[in-house]
Amino acid sequence: MAALVGRGVRDMLKRADFMTVPRRQRHKKKWAATEPKFPATRLALQNFDMTYSVQFGDLWPSIRVSLLSEQKYGALVNNFAAWDRVSAELEQLSARDFVNEAIFHGEPEPENGQTAAPPPASWACSPNLRCFTFARGDVSRFPPARLGSLGVMDYYLMDAASLLPVLALGLQPGDTVLDLCAAPGGKTLALLQTGCCNLAANDLSTSRAGRLQKVLHSYVPQDVRDRNRVRVTSWDGRKWGELEGDIYDRVLVDVPCTTDRHSLHEEENNIFQRSRKKERQMLPMLQVQLLAAGLLATKPGGHVVYSTCSLSHLQNEYVVQGTIELLANQYDIKVHVEDLTHFRKLFMDTFSFFPSCQVGELVIPNLMANFGPMYFCKMCRMT
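Here we summarise the structure given alongside this text. (Residues numbered from 1 in each chain as written. Predicted model: local features only at pLDDT ≥ 70, side-chain atom pairs only at ≥ 80, totals over all residues. Heavy atoms only, no water.)

### Here we look at the nonpolar core
- Judged by nonpolar contacts, the single largest core of 53 residues is most densely connected at Leu163, Leu164, Leu167, Phe343, Phe347, Phe351 and Phe376.
- Taken together, the elements giving at least two residues each to this core come down to helix H6 (98-106), strand S4 (155-158), helix H7 (164-168), helix H8 (186-193), strand S6 (198-202), helix H9 (206-219), helix H16 (341-346) and strand S12 (374-381).
- The residues contacting Leu163, other than those within four sequence positions of it, are Leu76, Phe98, Val99, Leu129, Cys131, Met158 and Ala190.
- Within the second largest apolar cluster, 46 residues are counted, among which are Leu180, Leu311, Val319 and Leu327. (Core = buried A, V, L, I, M, F, W, Y, C linked by side-chain atoms within 4.5 Å. Buried < 20%, exposed > 50% of the residue type's maximum accessible area, 1.4 Å probe, protein only. Helix = DSSP H or I, 4+ residues; strand = E, 2+ residues; numbered from the N terminus. Contact = heavy atoms within 4.5 Å.)

### Here we look at the side chain of Thr233
- Along the chain, the position of Thr233 falls in strand S7 (residues 230-233).
- Residue classification places Thr233 among the buried positions, given a relative accessible area of 11%.
- Looking at Thr233, its side chain comes within polar contact range of the side chain of Asn202, at 2.8 Å.
- The residues touching Thr233, leaving out its near neighbours within four places in the chain, are Ala201, Asn202, Asp203 and Trp240. (Polar contact = N/O pair within 3.5 Å; in protein donor to acceptor, adjacent residues only side chain to side chain.)

### Quick look at the environment of Phe272
- Tracing the backbone through its elements, the reader meets Phe272 in the loop between helix H12 (260-265) and helix H13 (277-281).
- Each residue touching Phe272, except ones within four places of it in the same chain, is listed here: Ala40, Leu43, Ala44, Asn47, Phe48, Thr258, Ser263 and Arg280.

### Overview of unusual backbone geometry
- That bond from Ala183 to Pro184 is cis: its omega, 5°, falls within 30 degrees of zero.
- For Pro184, the location among the structural elements is in the loop between strand S5 (176-179) and H8.
- Here the bond from Gly372 into Pro373 is cis, since omega is 5°, no more than 30 degrees from zero.
- Here Pro373 is to be found in the loop between strand S11 (361-363) and S12.
- Phi is positive for Ser94, which is not a glycine, with a value near 70°.
- Tracing the backbone shows Ser94 in the loop between helix H5 (83-92) and strand S2 (96-97).

Following this line, the structure appears as structure tokens:
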């Protein structure tokens, strides 16, 4: 009680002191104009320093400086262009097709003259993908893609680690595939490059779906688009299990996340803006809802790959584990997490992987191989 009285007296004295100053000499602090405005990129770095220093320990300083440095890219060859010529031109730049190089060296060797046993289905990579990167430590840049002789762009520049979820999906000829959160379109384009699938590409945002359409028009011939090889929609992905349940052989769930590298470099559309704090806090719940919808849309026996471009275990492993528990309790659906150890070994010459993921795999930025972050986890819906 005494404290409340004391505070009231102090407030009254302040007002009294203020009132003794002539009005023309009073200065009213304009908070909006004088308070320091921290850019969202700085707020993101502060957040990452607090959380990731705990999550990654001694690895964080290396990851941090890599995130703040220039990102490396890969050139995804457009199979709808003159891909053999494009591949030859990329090789002349001293770039290498990391996908086919890894698959070739990773094939099991026969023993005692016998035919080697085929690897488990979970090891299979989606076929027909060609993506060139420069070697570790080589910070060369690819020239901008250009329009080729067949009327489509020759290659698509992307973070090469973004191709790993598509490769892990293990597409087979004739698969029906759903890309639940498809924009801006790099992974959607890669799915089409396999030549395997009838594809549904969805993104809730109509503006982002417009960007996806622009990518498709630039890289995919009209006759391919017209043959219903790809269907683009702007539905609420959280409801896909109700809209088209138990239909798809493969589902990619590349969810909205904190997009860690973007958040450190771009103010525009930065989720660390103060006005988006609640949206950021709700991300794990949204991610669980989207992954659950993706699994419900999958046929029993089908596969789902969940992915983010965040380092956060709250958005990665915890979302996977929480969703599996949710489906078991509410839908009596059993989901099995695939072991991607062999998959990681295939690509460890190109990317740096975090060695301690509970489930799934995480590409961490490294100055010698500055791709990522990219988390991905492959699941099989059992029932």
